[in-house]
Amino acid sequence: MKTLEQVKDELKNYDGKPIKIMEVCGTHTGSIFKNGIRSLLSPKIQLISGPGCPVCVTSSSYIDRLVELSRLEKHCVLTFGDMMKVKGSEYSLTEAKAIGGNVQILYSPLLAIQKAMDDQDTQYIFAAVGFETTTPIYALMMDEILNKNINNLKLLTSLKTIVPALTFICENEEGIDAFLSPGHVSAVIGSNAYQTLREQYKKPFVIAGFEGEHILAAVYEIVSQIKSGDCQVKNMYPSVVTEDGNYKAQKLVDQYFESTDDYWRGIGVIEGSALSLREQYRDYDAGSVGRIQEEKQPIGCRCTDVILGRIQPIECPLFKKVCSPLSAVGSCMVSSEGACGIWYKNI
Amino acid sequence: MKIDMSYGSGGKQTGNLINDIFLKHFDNKTLNKLEDAAVLNVSGNIAYTTDSFVVTPLFFRGGDIGKLAICGTVNDLSMMGAVPKYLTAGFIIEEGAEIETIDTIAQSMAQAAMEAGVKIVAGDTKVIEGKGGIYINTSGIGEIIKPGISISNCHEGDVIILSGYLGEHHAAILSSRMGIENSIASDCAPLSSIVKSLIDENINVRCMRDVTRGGLATVLNEAAEHSGCAIEICEEDIPVSKEVQGFCDILGLDPLYMANEGKMIAVVPVQEADKALGIIRDNKYGKNAAVIGRMMGGKGVILKTRLQGTRSIDVLYGEGLPRIC
Amino acid sequence: MNMCVAVPGKIIEINGDFAKVNIMNNITQVNIKLVSTKVGDYVLVHAGVVIEVMKKDMAEEIILMFSELQEDADEDARASKR
């Protein structure tokens, strides 16, 4: 049996051809820093961040719509904390609040149900952002809204799906040898979700948990596969990830949401990469659908290149010089899961 | 009974508030004179500081806004090698606040002041429109008994001692807000007795800092920057209780960045580290003290992770929730 | 709220669609509609909702993971000899 020390030793001393591994989950980005993983790897093994930060890839016009809603009389925007600082074309939600907008932070979307029931004079809008880990929770929310006949709670959705994003990257980006797949998204969608990608693009997809040991073992597995010319989908988080994922969650999501195209901030439109409320539930949508439009990025901002794994955050000329968490140019710096924000606080 | 605007007018009702609550609990010769200013006798150099307290909720497991207001200022003075002596207390009270609440807070302040050996010698009360909120400012004077203690005084090779578990105050406040049940209590406490013991036993303390908003990470960065050193700390040596760690895991928080109200770091020469650690551990507020790292050449703060990787630790940026102290 | 921040806890009480979960002595109320679970199960909690029931202990899993790595390396060695 390989010990942790043996694995660490082999990864530190790896001297084969350079390997570039993309991790596509903001929580993985954070965990990699938290455990000091990069310092344990050979310089020939590179971990790069991908589009795994749902807040970072949310369009500027989405924020604008939230700001607009927050400033309407008898309206209140409910959101997760890390949406607060991302800028729209003019304001962030924090700034909207400072000029009188009604915005509240919630830990869980389901708390919005009680809020709406307790105050029926206010129209509540939940900023429904996330990947597949969080989307089932919004589906649960829709269940509650319908069962309890709540008519003062709507969703503004920016729900992204990971496989179309990975497909986009595999199609358009070169030089990525393998993917560290997100642990909890995979718990919902199942490890089989990556099989088509593996077959088409012939790259390893290894699903990892979030402890340091999980990540080291996953990197080791990727290096082993590449050394032997292999490319498999390997589930290294079997305590929570199965081949088919969480069927109940998938079914509930499918009941309320359908696949649509969406604009990814810094990337552009990716086909079939979002989930939007189905036609029959559009009354509960606060204006999410039909918002797709190209947006210009701030001058000099290289969030696009960071999100697509072309550069590391430190290679952006604005990084730490002009762009910082307190005065962010791009969305990657401002979100708690953005690659630039995480790098800034950890290097 | 509720406070209304008349309590702030300076007339009879203000007088009643002062007599029936503040004088009753804070009772001392200087304050009882109710002059326009307190006349005090102090010797040598003094340390002088102020802080304001706006925490909600007002009462939480392990403390309340009053206890915080006393301990916060007492601790700031102590960190400079001073013996805290005299405090002032200014209250801004929103109409609608209950008189009983103010009485309970004042009683708590009196108890904390007694434990810390300080007298509250001057005060002020204002009443404003609002919904029953209470805000307190305290300022304090201490007599310096060990000069030269400073954040810029640390040397390469010095050892860093942390006086106990991280994150308890922050977690206690957030737990009640988030509806998470646990037994985490705020660590709100006066650190003056720990400091006095270190000085009385002739420990050559370079610098001390209480670990409040911004957390340990922010304080260590300040020490590294002002002393022109690097700091290396070990993740496995940093005391965090299992319960606080679980709480942090639920909300995605990092104990290194969480606020404390009864924890400090002491930076001491390496040859005195064992003795200093023993002194702190002998104190009831330092039972879980630990050596967490050392000052080195270079710059920045580096953490050695559990897996023996390295991670650079920066100051807190803009996060942390409002009104935790 | 992070995309993937989810933490393991133990179900200690169930009340219909809700359960009380113990996460290192922090007790919190969670929604269990997305899973089939029972008291005593270890579950993964994300934003107040249980998204998965854990099939094995995480410490156990890490041990198993490392033992499987060895098997892969051995297989590679055997394959290259053929």
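In what follows, the structure referred to is the one given above.
Residues numbered from 1 in each chain as written. Chains lettered and ligands numbered in written order. Predicted model: local features only at pLDDT ≥ 70, side-chain atom pairs only at ≥ 80, totals over all residues. Heavy atoms only, no water.

Caption draft 1: The arrangement of the overall build of chain B in detail. A count of helical and extended segments in chain B gives 9 helices and 13 strands. Taken over the C-alpha trace, chain B has a radius of gyration of 20 Å; the compact-globule value for 325 residues is 20 Å, and the two agree within 12%. Over its C-alpha atoms, taken along the principal directions, chain B stretches across nearly 65 × 50 × 30 Å. Residues classed as buried in chain B amount to 55% of the 325 residues present. A fraction of 87% describes how many contacts in chain B between residues 6 or more apart in sequence connect residues 24 or more apart. Carbon and sulfur atoms make up 49% of the accessible area of chain B, which amounts to about 13,600 Å² in all. Both charge centroids of chain B, one from 29 positive and one from 40 negative side chains, sit 3 Å from each other. (Helix = DSSP H or I, 4+ residues; strand = E, 2+ residues; numbered from the N terminus. Rg over C-alpha atoms; globule rule 2.2 N^0.38 Å. Buried < 20%, exposed > 50% of the residue type's maximum accessible area, 1.4 Å probe, protein only. Contact = heavy atoms within 4.5 Å. Areas by Shrake-Rupley, 256 points an atom, 1.4 Å probe, with all protein chains shown as cover. Lys, Arg positive; Asp, Glu negative; His and termini not counted. Charge placed at Lys NZ, Arg CZ, Asp CG, Glu CD.)

Caption draft 2: Broad picture of the side chain of Lys146(B). Mapped onto the fold, Lys146(B) is located in the loop between β6 (134-144) and β7 (159-162). Within the buried core, Lys146(B) has no salt-bridge partner, and the shortest N-O distance to an opposite charge, that of Glu272(B), equals 7.9 Å. (Salt bridge = Lys/Arg side-chain N within 4 Å of Asp/Glu carboxyl O.)

Caption draft 3: Local environment of the interface of chain A and chain B. Tallying the contact residues gives 22 residues for chain A and 17 residues for chain B. It is Lys34(A), Tyr107(A) and Lys345(A) in chain A that bury the most area against chain B; as a group they hold 33% of the surface buried on that side. For the pair chain A and chain B, the number of links is 2 salt bridges. With its nearest N and O atoms 3.9 Å apart, the salt bridge here joins Glu211(A) to Arg306(B). Of all the elements in the fold, those that place two or more residues in the side of chain A that touches chain B are α1 (4-12), α2 (26-34), α10 (212-227) and α14 (339-346) of chain A. Taken together, the residues of the side of chain A that touches chain B sort by class into 10 nonpolar, 6 polar and 6 charged. (Buried area = accessible area lost by both parts, 1.4 Å probe. Nonpolar A, V, L, I, M, F, W, Y, C, P; charged D, E, K, R; others polar.)

Caption draft 4: A look at the nonpolar core. Counting 87 residues, the largest nonpolar core has Phe126(A), Tyr194(A) and Phe257(A) as its most contacted members. Each of two domains, domain 1 (4-55 + 162-235) and domain 2 (315-346) of chain A, supplies a minimum of three residues to this core. Every residue in contact with Tyr194(A), bar those within four places of it in the chain, is listed here: Ile162(A), Leu166(A), Ser181(A), Pro182(A), Val185(A), Ser186(A), Ile189(A), Phe205(A), Ile207(A) and Val233(A). Within the second largest apolar cluster, 39 residues are counted, among which are Ile3(B), Val55(B), Ala89(B) and Ile120(B). (Core = buried A, V, L, I, M, F, W, Y, C linked by side-chain atoms within 4.5 Å. Domains from an automatic or database assignment.)

Caption draft 5: Structural view of the sheet that holds strand β12 (residues 300-304) of chain B. Residues and elements named next belong to chain B. If you walk across this open sheet you meet the 7 strands as β8-β10-β7-β11-β9-β12-β13, and the pairing is mixed. Every interior strand has two partners, whereas the edge strands, β8 (207-210) and β13 (310-313), have only one. Here the strands of the sheet are splayed against their neighbours by 25° on average, with no regard to which way each runs. Summarising the sheet, β7 and strand β10 (residues 264-268) pair through 4 bridges and their orientation is antiparallel. The residue of β10 that forms the bridge with Ile160 is Val267. (Pairing = 2+ DSSP bridges. Axes fitted to C-alpha atoms, helices over the stretch in contact; angles between N-to-C directions.)

Caption draft 6: Spotlight on the pairing of strand β3 (residues 75-79) of chain A. All names here are of chain A. The buried fraction of β3 is high, at 5 of 5 residues. Side chains His75, Val77 and Thr79 project from β3 onto one buried face, and the interleaved Cys76 and Leu78 project onto a second face that is buried too. Note that β3 and strand β5 (residues 123-130) share 4 bridges and pair parallel. Its bridge partner lying in β5, Val77 is registered against Ile125. Bridge analysis of β3 against strand β4 (residues 103-105) gives 3 bridges, and the strand direction is parallel. From the neighbouring strand, Thr79 faces β4, where its bridge partner is Ile105. With helix α4 (residues 93-98) bridging β3 and its parallel neighbour β4, the resulting β-α-β unit is right-handed. (Right-handed = clockwise from strand over helix to strand, strands pointing away.)

Caption draft 7: Here's a closer look at the interface of chain A and chain C. Contacts between the two partners involve 53 residues from chain A and, on the opposite side, 34 residues from chain C. For the pair chain A and chain C, the two sides together bury roughly 3,700 Å², of which 65% comes from carbon and sulfur. Along the contact surface separating chain A from chain C lie 1 salt bridge. Across the salt bridge formed by Asp143(A) and Lys33(C), the nearest N and O atoms sit 3.3 Å from each other. Our count for the chain A to chain C interface comes out at 9 residue pairs in polar contact (both at pLDDT 80 or more). The set of elements that each furnish at least two residues to the side of chain A that touches chain C consists of α1, α2, α6 (135-147), α8 (183-189), α10 and α11 (247-256) of chain A. Residues belonging to the side of chain A that touches chain C are distributed by class as follows: 26 nonpolar, 17 polar and 10 charged. (Polar contact = N/O pair within 3.5 Å; in protein donor to acceptor, adjacent residues only side chain to side chain.)

Take it as geometry only, folks, not as evidence of what the structure does.
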